[in-house]
Amino acid sequence: MNPRAFHRVPLSVTSPREDAVSRRTDASNAQPETAAGRTAGAAGSGRVLPEQRSAPAALPRPPAPGPGSPGPASPLPPGSDTTGTVATATATAVAATATTPRGPARSLRVRSAAVLAPAAVALLLGLWGIRRENSMWRDESVTYQVAHRELQDIWRLLSEVDAVHGLYYLLMKAVFTVWDGGLVALRLPSVLATALAAAGVAAIALRLAGARAAVFSGTVFAVVPMVQHYAQEGRSYALVCAAVTWACYLLLRGVEGGGARIWTAYAGVLLVACWLHEFAILVLAAHGVTLLRSAAGPATRRAWLTASGRVGAGVLPLALVSAGQAERQLGWLGRPELGAWLLFFAVSAAGWACARALPVLPEVRQGQPEQREGGRRREQPGRPGQPERPELPDRTSPPPGPAVGAAALALPLLVVPAGLLMTVSLVKPWYVDRYVLYGMTGLALLLGICLARVTEPVLLRRLLPRRPARIAAVCGCAAGLLAVLLPWSLLVRSPESRKDDVVAVADAVREVAAPGDAVLFMPSRRREWLLSFPEVRAGVKDLALRQGPAASATLQGTELPADEIRRRVLAADRVIAVTDPEGQPLDAFRGEAVKRETLDARFSRCEPVRVHGAQVVVHVRSGSCEAPD
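My aim in this report is to walk through the structure given alongside it, one point at a time. (Residues numbered from 1 in each chain as written. Predicted model: local features only at pLDDT ≥ 70, side-chain atom pairs only at ≥ 80, totals over all residues. Heavy atoms only, no water.)

On to the overall build of the protein chain. Helix and strand counts for the protein chain come out as 25 helices and ten strands. Of all 629 residues assigned to the protein chain, the portion counted as buried reaches 46%. A sequence separation of at least 24 residues applies to 79% of the contacts in the protein chain between residues at least 6 apart. (Helix = DSSP H or I, 4+ residues; strand = E, 2+ residues; numbered from the N terminus. Buried < 20%, exposed > 50% of the residue type's maximum accessible area, 1.4 Å probe, protein only. Contact = heavy atoms within 4.5 Å.)

This is how it looks when you write it as structure tokens:
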């Protein structure tokens with residue numbers, strides 16, 4: 001063996017195999033030493049003496065030098081202690097090998113923390129102000145009152161309307177059966193789902209770009225104002241977002257070589273998302289674009305097509321039922337306005353810019369940090385005046401990149417579902433931004449990975465060599481983000497962040513109502529404002545109601561013919577009109593027109609009580625507007 005190989009033994013050993021190589025190298029270099037020297041070297045390094053092992057095969061020795069020959073060149077400088085150097089190297093190798101098992105455990109802790117930390121942030125943000133100043137808007141009221149119906153009544157309702165939310169209503173029925181916790185119980189499933197989605201975003205980023213990117217991406221997702229908005233809403237959109245996010249994670253696993261079990265899980269999770277809201281199926285189009293932009297092989301693409309077919313077959317019954325309800329379900333929608341298009345293009349442009357920046361930004365692969373000791377760069381071992389020894393090439397090649405790039409996954413998820421739905425809505429208006437909330441997963445991935453690379457310590461030290469400048473820059477950016485995000489965070493936790501507040505409407509009716517008063521809802525769908533407050537409805541007479549919501553298998557009940565409504569209104573002395581704020585468009589249905597005409601012609605209008613998104617107006621035939629004692 002070449003005696004110079006001794007100099008190429010690294011002082012830090014990271015695997016048992018390299019430790020064995022080091023032991024064999026030490027033994028070969030210790031051959032020319034005396035027995036006493038070998039004993040001393042073994043005692044210093046903990047090695048087993050060659051005499052205590054089976055004799056190795058004889059090694060070739062260099063020929064004896066002739067008279068006057070300088071002899072073989074020594075690889076060590078004069079006066080160096082070969083035995084002590086070998087002992088030091090071997091002891092270092094043994095110590096390094098002894099500590100190696102702690103590496104995987106630490107890596108697991110780091111990876112787990114990178115996924116759980118954003119989930120904790122999302123959970124804390126969701127619980128902060130969850131009651132939203134004791135307010136609830138009309139869509140949440142639908143969830144609340146439907147979930148409090150009997151199971152047979154819910155089933156009858158879904159056969160007529162709102163089948164698209166059927167699975168969510170059944171879930172909330174179970175929640176309220178276990179714990180009827182009011183507003184907290186209404187919104188807690190969305191809070192937990194948002195935390196689960198943040199963990200999913202972090203898990204995706206972890207596979208794509210490492211632990212730093214996971215923390216940044218998951219946290220970005222948690223603080224996005226739109227995500228915070230629906231994290232505290234008693235509807236299904238946060239749950240859909242969580243399911244779609246984890247389906248994206250399973251897609252990555254499948255493309256990276258996952259077997260049939262992974263693809264089955266992918267189809268199952270995505271099917272749950274579609275049954276929570278069928279527009280989740282648009283993510284299949286985004287995943288198709290992702291596979292086209294990836295290095296996935298034919299077998300992987302066939303597996304994805306099979307899983308997608310299962311999802312389509314599974315959601316087909318829901319699609320057939322909800323198609324017959326679409327006009328009643330979405331008839332109130334209009335085509336996307338200019339503001340919606342501008343917002344879509346702005347968000348898409350931000351995502352595109354991040355995707356373009358990813359190849360330009362430097363990437364420091366995890367597991368290859370800059371070697372430092374005590375805050376200073378570790379110098380190569382050597383002696384003054386001694387030429388530097390050549391470095392060995394790195395034995396470990398950098399880990400291969402993911403089969404799907406971050407941009408290939410995140411950008412289609414951000415752009416394709418929303419773009420498709422908005423384009424279809426030019427013909428058939430179906431678009432609402434919350435229907436594709438899961439697009440925020442793509443935006444968070446792109447922003448988070450870019451932030452992780454921009455804030456790499458190596459890059460920051462290169463851009464800002466002075467430490468005070470780096471601290472000032474980081475603090476300034478954090479203060480700027482806080483100044484932007486805090487007002488949004490406060491707004492989404494106020495009643496003004498929603499269209500109306502049914503709690504405030506119920507309180508206003510309770511305040512102005514007197515025994516024997518009647519009530520009219522104008523238009524009739526505003527009956528929803530009192531359906532979650534049966535004690536308030538019991539104190540007034542609903543003049544236009546023909547059949548209640550549960551009995552009629554509808555959301556707001558059915559009303560009497562217009563002539564019967566006129567007769568009942570004329571027989572009343574005080575009528576409380578619960579209406580939209582002034583300036584809102586008026587329904588042209590005959591029943592609604594009869595309500596307005598009769599009140600204007602035969603009653604005196606009192607001063608309205610205005611609350612957020614509604615007004616309560618007392619009409620009297622005679623007497624004072626004040627409620628009698």
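Back to the write-up after that little detour.
In this structure, Arg 470 sits in helix α19 (residues 467-491). C-alpha separation for the pair Arg 470 and Leu 460, spaced ten residues apart in sequence, amounts to 6.9 Å. The residues touching Arg 470, leaving out its near neighbours within four places in the chain, are Leu 460, Arg 461, Leu 464 and Pro 465. Reaching out from Arg 470, the side chain makes a polar contact with the backbone oxygen of Leu 464 at a distance of 3.0 Å. (Polar contact = N/O pair within 3.5 Å; in protein donor to acceptor, adjacent residues only side chain to side chain.)

What follows deals with the environment of Ile 154. Tracing the chain through its elements places Ile 154 in helix α6 (residues 151-158). Exposure remark for Ile 154: the relative accessible area of 0% places this residue in the buried category. Along the chain, Ile 154 and Lys 173 lie 19 residues apart, while their C-alpha atoms are 9.3 Å from each other. Once residues lying within four places of it in the same chain are set aside, the contact partners of Ile 154 are Val 146, Arg 149, Leu 170 and Lys 173.

On to the pattern of salt bridges, then. Here the structure, examined in full by the defined rule, presents 23 salt bridges. Notably, a salt bridge pairs Arg 527 with Asp 542, separated by 2.7 Å at the nearest N-O pair. A residue pair is termed long-range when its members are at least 10 positions apart, and Arg 527 in the loop between β3 (518-522) and α21 (528-531) and Asp 542 in strand β4 (residues 541-542) qualify at 15 residues. Note on accessibility: Arg 527 and Asp 542 belong to one class, buried. Where Arg 566 meets Asp 563, a salt bridge forms, and the shortest distance between an N and an O atom there is 3.4 Å. Of this pair, Arg 566 and Asp 563 both sit in helix α24 (residues 562-570), three residues apart, which is roughly one turn of the helix. Judged by its relative accessible area of 29%, Arg 566 is partly exposed. Residue Asp 563 is classed as partly exposed on the basis of its relative accessible area of 48%. (Salt bridge = Lys/Arg side-chain N within 4 Å of Asp/Glu carboxyl O.)

A few words now on the packing of aromatic side chains. Centre distance and the angle of the planes are the two values used to describe a pair of aromatic rings. One pass over the full model with this rule turns up eleven aromatic pairs. Ring geometry for Tyr 230 against Tyr 237: centres 5.9 Å apart, planes inclined by 75°, an arrangement best described as edge-to-face. The exposure classification of Tyr 230 matches that of Tyr 237, with both residues buried. Residues Tyr 237 and Tyr 435 carry aromatic rings whose centres are separated by 6.1 Å and whose planes lie at 40° to one another, so their mutual orientation is tilted. Here Tyr 435 lies in the loop between α16 (406-424) and α17 (439-454) and Tyr 237 lies in helix α11 (residues 237-255), a separation of 198 residues in the sequence. Residue Tyr 237 is classed as buried on the basis of its relative accessible area of 5%. Members of the aromatic cluster, joined through ring pairs, are Tyr 230, Tyr 237, Phe 279, Trp 430 and Tyr 435. We note Arg 621 situated over the ring of Phe 603; from NZ or CZ to the ring centre the distance is 4.9 Å. (Phe/Tyr/Trp six-rings, centres within 6.5 Å; stacked < 30°, edge-to-face > 60°. Lys NZ or Arg CZ within 6 Å of the ring centre and 35° of its normal.)

To continue, consider the pairing of strand β7 (residues 574-579). Counting buried residues along β7, six of its six residues qualify, which places the element largely inside the surrounding structure. Alternating positions in β7 separate into two faces, Arg 574, Ile 576 and Val 578 on one and Val 575, Ala 577 and Thr 579 on the other, with burial throughout. As judged from the five bridges shared by β3 and β7, these two strands associate in the parallel manner. Following the sheet pairing, Met 522 is matched in β7 by Thr 579. Where β7 lies against strand β10 (residues 614-620), six bridges are found, and the strand directions are antiparallel. Note on β10: the bridge partner recorded for Val 575 is His 619. (Pairing = 2+ DSSP bridges.)

Time to look at a nonpolar patch on the surface. There is a patch of nonpolar side chains on the surface, built from Trp 128, Leu 482, Leu 486 and Leu 490 and spanning about 380 Å² of accessible area. Note on placement: Trp 128 falls in the loop between α4 (102-127) and α5 (138-147). (Patch = residues over 30% accessible without salt bridge, like charges linked within 9 Å, V, L, I, M, F, W, Y side chains within 5 Å. Areas by Shrake-Rupley, 256 points an atom, 1.4 Å probe, with all protein chains shown as cover.)

It is worth spelling out the environment of Val 321 at this point. On the secondary structure map, Val 321 appears in helix α14 (residues 298-330). Among the residues examined, Val 321 registers a relative accessible area of 41% and is labelled partly exposed. Taking the C-alpha atoms as reference, Val 321 lies 8.6 Å from Val 164; in sequence the two are 157 residues apart. Residues contacting Val 321, with those up to four places away along its chain left out, are Leu 158 and Ala 163.

Omega for the peptide link from Met 522 to Pro 523 comes to 5°, which places this bond in the cis form. Phi angles above zero are rare outside glycine, and Glu 133 is one such case at about 55°. Unlike most non-glycine residues, Ala 553 shows phi in positive territory, near 55°. Relative to the assigned elements, Ala 553 resides in the loop between α23 (549-552) and β6 (558-559).

A few words now on the pairing of β10. For a regular strand, side-chain orientation follows a simple rule: the groups alternate between the two sheet faces. Burial within β10 is extensive, with seven of its seven residues counted as buried. Residues of β10 alternate between two faces, with Ala 614, Val 616, Val 618 and Val 620 on one and Gln 615, Val 617 and His 619 on the opposite face, all of them buried. Pairing analysis gives two bridges linking strand β8 (residues 604-605) to β10, with the strands arranged antiparallel. When the bridges of β10 are listed, Ser 604 appears paired with Val 620. What sits between the antiparallel neighbours strand β9 (residues 609-611) and β10 is a turn of two residues, in which Gly 613 has the positive phi angle 80°.

With 133 residues, the main nonpolar core has Phe 221, Val 244, Tyr 266, Leu 270, Leu 409 and Tyr 438 as its most contacted residues. Among all residues touching Val 244, those that are not within four sequence positions of it are Leu 270, Ala 273, Ala 280, Val 283, Leu 413 and Tyr 438. Met 522, Leu 543, Leu 560 and Ile 565 belong to the second-largest nonpolar core, a separate cluster that totals 13 residues. (Core = buried A, V, L, I, M, F, W, Y, C linked by side-chain atoms within 4.5 Å.)

Take the state of the cysteines next. In the structure shown here, the tally under the stated rule is zero disulfides. The closest cysteine sulfur to the non-disulfide-bonded Cys 477 is located on Cys 475, 9.5 Å from its own sulfur. Taking relative accessible area as the criterion, Cys 477 reaches 53% and is therefore assigned exposed. (Disulfide = S-S within 2.5 Å.)

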